[in-house]
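Each chain, written out:
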Amino acid sequence: MEQKTYTGTIVFLSKNEGSKSESFYPFLYQNKNNYIKLFFRDDNPFENNIFDQLDGCVATVSGEINANGELIVSKIEK
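Residues numbered from 1 in each chain as written. Predicted model: local features only at pLDDT ≥ 70, side-chain atom pairs only at ≥ 80, totals over all residues. Heavy atoms only, no water.

A closer look at the side chain of D43
When you line up the elements, D43 lands in the loop between strand 3 (34-40) and helix 1 (49-52). The charged side chain of D43 is buried without a salt bridge, its nearest counter-charge being R41 at 12 Å. At 3.1 Å, the side chain of D43 forms a polar contact with the backbone nitrogen of N49. Those residues in contact with D43 that lie beyond four places of it in its chain are N48, N49 and I50. (Helix = DSSP H or I, 4+ residues; strand = E, 2+ residues; numbered from the N terminus. Buried < 20%, exposed > 50% of the residue type's maximum accessible area, 1.4 Å probe, protein only. Lys, Arg positive; Asp, Glu negative; His and termini not counted. Salt bridge = Lys/Arg side-chain N within 4 Å of Asp/Glu carboxyl O. Polar contact = N/O pair within 3.5 Å; in protein donor to acceptor, adjacent residues only side chain to side chain. Contact = heavy atoms within 4.5 Å.)

See the structure below:
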């Protein structure tokens, strides 16, 4: 897969409302029409510990887009 790099604000948004998997997930927000769900390689997807400390920060992230359209992040620069 090809490495992609994006810059934006890391935010946590509610996803899967009303289901057993309802939770807040990290996204890279670029504008109202463009945000990308994030997952840091080797992090626990239910805890997102890497992104907790970056909530609300502008960051540049690099990684690969998976089949679900999520960016599997391998590098973060604040």
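Brief notes about the nonpolar core
Core analysis: the biggest nonpolar cluster contains 11 residues, these being I10, F12, L28, I36, L38, F51, L54, A59, V61, L71 and V73. Within the residue set of this core, elements represented by two or more residues are strand 1 (4-15), strand 3, strand 4 (58-65) and strand 5 (71-77). When residues no more than four places from it in sequence are discounted, the contact partners of F51 are I10, F12, P26, L38, F39, F40, V73 and I76. (Core = buried A, V, L, I, M, F, W, Y, C linked by side-chain atoms within 4.5 Å.)

Focus on the environment of V73
Structurally, the position occupied by V73 is in strand 5. With 27 residues separating them along the chain, V73 and F46 place their C-alpha atoms 15 Å apart.

So, the sheet that holds strand 4
Taken together, five strands build a closed barrel; the order of strands is 1-2-3-5-4 and the barrel is mixed. The sheet shows a mean angle of 60 degrees between the axes of neighbouring strands, direction not considered. Relative to strand 3, strand 2 (residues 23-31) runs antiparallel, the two being bridged by four bridges. Note that in strand 3 the partner of Y29 across the bridge is Y35. (Pairing = 2+ DSSP bridges. Axes fitted to C-alpha atoms, helices over the stretch in contact; angles between N-to-C directions.)

Considerations on the environment of N31
Structurally, N31 is set in strand 2. Separated by 36 residues in sequence, N31 and A67 place their C-alpha atoms 22 Å apart. Here N33 takes part through its backbone nitrogen, which lies 2.9 Å from a polar atom of the side chain of N31. A distance of 3.0 Å separates a polar side-chain atom of N31 from the backbone nitrogen of N34.

A short note on the environment of E22
Mapped onto the secondary structure, E22 falls in the loop between strand 1 and strand 2. If near-sequence neighbours (up to four positions away) are discounted, E22 is found in contact with S14, K15, N16 and E17.

Concerning the confidence of the model for the chain
On average, residues of the chain carry a pLDDT of 92, and 100% of them reach 70 or more. In the model of the chain, helix 1 stands out as the element of lowest mean pLDDT, 91, in contrast to strand 4, which has the highest, 97. (pLDDT = per-residue confidence, 0-100.)

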